[in-house]
Amino acid sequence: MSATHAHDHDHGHGHSTAHDHHGPPAGITRWLYTTNHKDIGTMYLWFSFFMFLTGGTMALLIRAELFKPGLQFLDPEFFNSLTTVHGLVMVFGAIMPAFVGFANWLIPMQVGAADMAFPRMNNWSFWLLIPAALLLMSSFFMPGGAAASGWTLYPPLIIQQGISVDMTILAIHILGASSIMGSINIITTILNMRAPGMTLMRMPMFVWTWLITAYLLIAVMPVLAGAVTMLLTDRHFGTSFFNAAGGGDPTMFLHIFWFFGHPEVYIMILPAFGIVSHIIPAFARKPLFGYASMVYATASIAILSFIVWGHHMFTVGMPAAGNLFFMYATILIAVPTGVKVFNWISTMWRGSMTFETPMLFAVGFICLFTIGGFSGLVLALAPVDITLHNTYYVVAHFHYVLVSGALFSIMGGIYFWLPKWTGHMYNEKLGKVHFWLSMIGFNVAFFPQHFLGLAGMPRRIPDYALQFAEWNAVSSIGAFIFGFSQLLFLYNIIECIRSGRTSTQKPWEGADSLEWTHLPTPVPYHTFETAPVIR
Amino acid sequence: MFLKHLRAPRTLALLLAAPAAALADYHVDILPPASPTAQDAYALHWGVMYVCIAIFIVVFAAMFWSIYKHRRSMGAKAAQFHENTTIEIIWTLVPLIVLVGMAWPATKTMLEMKDASGADMAIKVTAYQWRWEYDYQQEGLRYYSSLSTPRDQIEEREHKGAPKEEHYLLEVDNPVVVPVGKKVRLLITSNDVIHGWYVPQLGVNQYGIPGFVKDAWFSIEKPGIYRGQCSQICGKEHAYMPIVVEAVEADKYAAWVKQQKAKMPPPAATPTAVPQEAPAQGAAPAQQVAAAQQAGQPVAGGAPAAAAPAAGGAPAAGKADGKSTFDTTCTVCHGTGVAGAPKFGDKAAWAPRIAQGKEALYNSALKGKGAMPPKGGNAALSDDAVKAAVDYMAAAAK
């Protein structure tokens with residue numbers, strides 16, 4: 001598919017991705033028309049960074065309002081819009097596209113393929129994100145402001161709101177289409193384009209986790225599309241799916257939404273497991289412990305993820321048997337997740353470790369993700385969940401798994417592969433400062449939220465009672481430290497691309513997947529014209 | 001909890017030179033439970049927390065020891081082992097056993113929470129944007145409960161707000177008053193969007209879902225005031241619909257009921273129909289309360305339900321039929337007046353409609369009107385049953 005392009009591996013400086021100047025066309029058309037998995041991966045990653053900063057700005061507005069009790073800056077309705085769109089932007093705009101960016105960059109290289117299976121569809125999956133993001137963001141300027149029902153979009157509240165909700169629904173449809181196309185592409189690439197000798201059980205963990213994630217996406221994105229379509233017809237076409245007066249049931253939306261929503265949580269964490277499973281062995285200079293059990297654990301988590309959605313709904317009033325079923329299924333997930341953590345620690349055990357920035361993020365990931373796992377276990381117990389449902393304890397829990405889980409792995413992964421992608425080393429000292437500021441800022445922001453939740457502070461409120469004031473102030477300070485330290489990250493990346501010192505082919509001694517062992521640094525615009533043979 | 005332990009050595013407290021009162025505001029624990037299920041959930045939470053903390057310490061002690069010892073700068077040489085079936089089986093099975101140990105007490109508590117049988121009294125809670133309505137099923141009391149914090153304490157955007165008082169945002173005009181030691185069953189629903197009736201110390205956190213009645217229960221041992229809030233986002237005033245439950249001794253409760261009754265509006269203005277039989281999910285015991293009511297227990301305002309249709313002049317057979325149709329179908333909307341439906345017994349809303357004549361009313365009911373589907377969405381009803389229900393509703397509003 002790329003045989004007509006010239007291959008010249010002479011790389012110049014000063015270009016944002018340091019790709020081959022002779023391969024791709026110059027200017028904007030390169031990016032508009034590109035079918036190259038690396039270009040598309042780059043665009044995904046920049047898009048997600050931009051959305052991350054946008055969603056982060058919303059989070060800081062929220063934390064500014066919550067710094068003390070009373071309404072200081074924001075109208076409550078606008079505050080609700082901020083919490084809603086912050087959630088949607090971070091989930092669909094930042095975390096998911098970032099992992100798709102990694103998938104685009106790494107999967108062809110790691111399985112020994114020339115490119116993704118459907119390069120033109122790949123281009124389309126990326127460019128769909130732009131109109132979706134524009135729809136979502138411009139809904140802030142519509143009469144009544146952006147959707148303000150929380151990212152979960154529960155009816156009937158969502159039915160009450162204006163045109164911005166229709167824009168949000170359309171944006172979700174487009175994002176879903178993009179995700180489904182991306183998943184088809186990833187599955188096809190992995191199953192059909194592996195190099196000779198690259199058997200399934202030899203694939204790098206990142207490829208495995210993405211294969212399973214892609215199946216999850218294909219299974220649940222249509223469910224979300226169905227749910228929001230029903231919202232749309234309830235709003236405009238006189239149906240009553242979620243309206244008791246017409247024979248429907250609002251609870252049905254919760255069931256459908258969370259049938260999508262819980263696998264979605266694993267969509268956002270499984271690729272993170274993959275990334276961490278590359279970083280830890282590389283810096284421990286020792287092979288990944290329990291590769292096979294890692295694969296099985298990932299698959300078990302994915303399968304279990306389909307039967308636990310009800311744990312988001314312990315307070316809707318399901319029968320006791322329903323609550324118990326979902327409680328048992330949920331705590332079962334702790335078993336494969338525990339296996340993963342034990343495997344990572346065993347990989348480190350008796351290794352020869354060094355702690356460059358990617359390793360710091362990976363170790364930070366293991367510690368903090370485990371805290372998020374434990375709070376998840378606490379919340380899985382239905383009676384405790386009923387005491388804590390919709391409080392800040394839940395907010396703390398999912399930020400521990402999504403920020404210090406998914407996001408830390410993304411940051412670690414960026415530092416890890418940046419030399420391979422750009423041919424330049426990032427600034428190690430700055431990277432470490434970024435890690436420590438993120439680590440401290442994150443924990444100061446989110447650990448006290450456990451206490452707020454235990455004391456009974458509900459989430460999604462712009463104003464709160466006085467006994468919550470102290471921890472909220474602490475949390476806001478942490479959030480600002482965390483937020484602003486991400487500018488260091490941005491600076492470090494740009495500095496690395498523009499003028500970082502040249503990297504060797506394999507800057508990390510223990511890295512062992514194909515992109516490190518078989519390809520020069522930076523990777524040429526086209527790779528594996530002839531498939532490598534894996535023994 | 002942790003800070004409590006930290007504060008114990010007095011020297012430390014002195015060193016910190018922080019007044020205990022200030023430290024006390026850094027809550028790190030669940031508020032003291034006041035109801036049996038809350039007590040169980042509290043114990044369960046701490047049991048699980050201790051297990052988690054123990055596992056965390058063991059696992060991460062191993063990791064950090066490894067990080068310290070097995071680093072290249074310490075001269076560590078990497079071993080190359082990468083699997084060990086025995087240990088992998090052990091660390092799959094051991095957590096499984098620990099989890100079963102957690103699930104057992106959790107199951108017991110869950111079953112207890114869901115068992116609202118044998119309740120001494122029932123209060124129907126209806127959520128509105130943005131206040132609560134409490135309907136005491138036995139006493140026949142019905143009133144709204146709204147935030148009582150003055151707006152000038154909240155608003156600080158344009159000018160400096162008034163000083164905030166102790167119970168800022170957690171105070172209401174009319175609290176829920178219950179007797180101590182009684183098992184109180186809540187029948188929770190909503191008039192508009194999903195809300196959450198949440199009082200942490202009572203272990204109750206239950207969504208109010210429009211069109212459905214869900215139940216929960218609590219029983220308070222000690223007299224006192226327990227505060228909570230709406231837990232589910234319900235629009236712009238979500239932060240401003242608190243819940244205050246006041247538990248009092250039996251005699252004080254009786255006095256309070258008497259006093260409230262005196263304050264209730266005259267019977268005619270407070271219709272009696274309560275959407276008791278809106279499709280209640282998972283609530284077999286709910287039918288008991290409903291049945292108790294139909295059996296002639298006093299209902300709100302003291303106006304006997306049977307009195308209303310008597311004024312209508314519809315045939316005797318139609319009377320019973322009309323009421324039962326109303327109770328099973330029409331009440332979903334007409335009971336509380338959702339989606340623009342004229343509310344049962346609301347004279348002002350019904351007058352212009354009644355003025356159009358019976359036939360016009362029958363027609364609307366049979367063919368649907370505005371948000372109302374034909375036959376109220378229940379196609380199984382006969383035309384006569386629908387007409388009887390219309391008669392019943394019209395009679396109640398005359």
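Whatever comes next refers back to the structure up there.
Now for a quick tour of the structure. Note that the coordinates shown come from a computational prediction; the quantities given were computed from them, not determined experimentally. Every chain's residues receive numbers from 1 upward, in the order its sequence appears when written. Starting at A for chains and at 1 for ligands, labels are handed out in the order in which the entities are written. Per-residue local features are limited, in this predicted model, to residues with pLDDT of at least 70; the limit for side-chain atom pairs, both in listing and counting, is 80 or more; totals at the level of whole chains, interfaces and linings are taken over all residues.

Re the overall build of chain A
A run of H or I in DSSP becomes a helix once it reaches four residues, and a run of E becomes a strand once it reaches two; helices and strands are each numbered from the N terminus. Scanning chain A from terminus to terminus reveals 18 helices and zero strands. Values of the radius of gyration come from C-alpha atoms, whereas the globule rule sets the reference at 2.2 Å times the count of residues to the power 0.38. In terms of overall size, chain A behaves like a compact globule, its C-alpha atoms giving a radius of gyration of 23 Å where 535 residues would be expected to give roughly 24 Å. The buried share of chain A, reckoned over its 535 residues, is 64%. We call two residues in contact whenever the C-beta atoms placed from their backbones are within 7 Å. A separation threshold of at least 6 residues defines the contact pool for chain A, and within that pool the share at least 24 residues apart is 82%. Three exposure classes are used. Buried residues have 20 or more other C-beta atoms within 10 Å of their own C-beta, exposed residues have 12 or fewer, and partly exposed residues fall in between, all C-beta atoms being placed from the backbone.

Concerning the packing of helix H4 (residues 36-69) of chain B against helix H5 (residues 85-113) of chain B
Residues and elements named next belong to chain B. The geometry of H4 relative to H5 is characterised by a closest axis approach of 10 Å and an angle of 170° between their N-to-C directions. Considering their axes alone, H4 and H5 lie roughly antiparallel with respect to each other. Contacts between H4 and H5 involve Thr37, Asp40, Ala41, Leu44, Gly47, Val48 and Val51 on the former and, on the latter, Val98, Met102, Pro105, Ala106, Thr109, Glu112 and Met113. Lines fitted to the C-alpha atoms define the axes, with helices restricted to the stretch that makes contact. Angles between their N-to-C directions range from 0 to 180 degrees. Each angle is binned into one of four classes, with values under 35 degrees roughly parallel, values over 145 roughly antiparallel, values of 65 to 115 roughly perpendicular, and all other values oblique.

Brief notes about helix H16 (residues 428-454) of chain A
Residue and element names in this part refer to chain A. Expected span of a helix, by definition, is 1.5 Å for each gap between consecutive residues, and there is one gap fewer than residues. Here H16 spans 39 Å end to end across 27 residues, near enough to the 39 Å set by a 1.5 Å rise per residue. The angle between axes fitted to the seven-residue stretch ending at a residue and the seven-residue stretch beginning at it gives the bend at that residue. In H16, a bend of some 25° at Asn443 exceeds every other bend along the element. Residue Gly456 follows H16 closely and has a positive phi angle near 100°.

Structural notes on the nonpolar core
Only buried residues count toward a nonpolar core: Ala, Val, Leu, Ile, Met, Phe, Trp, Tyr and Cys, linked into one set through C-beta atoms within 7 Å. Counting 253 residues, the largest nonpolar core has Ile95 and Leu381 of chain A together with Leu186 of chain B as the members making the most contacts within it. Sort the elements by how many residues they give to this core and helix H3 (residues 76-111) of chain A lands first, with 21 residues. Excluding residues within four positions of it along the chain, Ile95 of chain A makes contact with Met90, Met268, Leu402, Ala406 and Leu407 of chain A. Counting 14 residues, the second largest nonpolar core, distinct from the first, contains Val386, Ala388, Tyr392 and Ala396 of chain B.

Thoughts on the pairing of strand E1 (residues 121-128) of chain B
All names here are of chain B. Most of E1 sits out of view: six of its eight residues are buried. Two strands qualify as a pair provided that DSSP identifies no fewer than 2 bridges between them. In this sheet, strand E5 (residues 184-190) lies alongside E1 in parallel orientation, the contact comprising seven bridges. The residue bridging Met121 from the neighbouring strand is Val184, located in E5. As judged from the six bridges shared by E1 and strand E2 (residues 131-136), these two strands associate in the antiparallel manner. By the bridge assignment for E2, Ala127 is matched with Trp132. Following E1, the chain reverses through two residues before pairing antiparallel with E2.

Considering the interface of chain A and chain B
Where the parts come together, the accessible area they lose is often given as the size of the interface. Each partner contributes to the interface: chain A provides 81 residues, whereas chain B provides 92 residues. When residues of the side of chain A that touches chain B are assigned to their parent elements, the largest contribution, eight residues, is made by helix H12 (residues 334-348) of chain A.

Quick word on the sheet that holds E5 of chain B
Hydrogen bonds between backbone groups are what pair the strands of a sheet, and the pairing can be parallel or antiparallel. Residues and elements named next belong to chain B. Sheet architecture is open: five strands sit in the order E3-E2-E1-E5-E8, paired in mixed fashion. Each edge of the open sheet is held by one strand with a lone partner, namely strand E3 (141-145) and strand E8 (214-218). Neighbour-to-neighbour, the strand axes of this sheet turn through a mean angle of 25°, independent of strand direction.

A short note on helix H8 (residues 250-267) of chain A
All names here are of chain A. Look at H8: 26 Å from first C-alpha to last across 18 residues, which is about the 26 Å you get at 1.5 Å a residue. Considering bend angle alone, the principal kink of H8 is centred on Trp258 and spans about 30°. Judged by how many residues are buried, H8 sits mostly within the fold: 14 of 18 residues are covered.

Structural notes on the sheet that holds strand E10 (residues 242-248) of chain B
All names here are of chain B. One open sheet holds the five strands; their spatial order is E4-E10-E9-E6-E7, and the pairing between them is mixed. Since the sheet does not close on itself, it has two edges, and those belong to strand E4 (176-179) and strand E7 (204-208), each with one partner. In this sheet, adjacent strand axes meet at a mean angle of 20° when their direction is disregarded. Summarising the sheet, strand E6 (residues 195-199) and strand E9 (residues 224-230) pair through two bridges and their orientation is antiparallel. Looking at the pairing, Tyr198 lines up with Gln229 of E9. On top of the sheet, helix H7 (residues 250-263) reaches E4 and E10; it is set at about 140° to E4, its chief contact.

Some details on unusual backbone geometry
All names here are of chain A. Pro156 follows Pro155 through a cis peptide bond whose omega is -5°. Between Thr521 and Pro522 the backbone carries a cis peptide bond, its omega angle lying at -5°. Backbone geometry at Arg460 places phi at a positive 60°, although glycine is not the residue there. Looking at the secondary structure, you find Arg460 in the loop between H16 and helix H17 (469-499).

Details of the packing of helix H7 (residues 205-236) of chain A against helix H10 (residues 291-304) of chain A
Two measures define how a pair of helices packs: the angle their axes make with one another and the distance between the axes. Residue and element names in this part refer to chain A. Running from N to C, H7 and H10 cross one another at 15°; their axes reach a closest spacing of 10 Å. Comparing the axis directions of H7 and H10 gives the class roughly parallel. Crossing of H7 against H10: the hand is right-handed. Of the residues in H10, those touching H7 at Met205, Trp208, Thr209, Ile212 and Leu216 are Met294, Val295, Thr298, Ala299 and Ala302. For the contact of H7 with H10, a count of residues per class yields eight nonpolar, two polar and no charged. The sense of a crossing depends on the near helix, which, turned anticlockwise from the far helix by less than a right angle, makes the crossing left-handed and, turned clockwise, makes it right-handed. The nonpolar class holds Ala, Val, Leu, Ile, Met, Phe, Trp, Tyr, Cys and Pro. Asp, Glu, Lys and Arg form the charged class, and all remaining residues, Gly among them, are polar.

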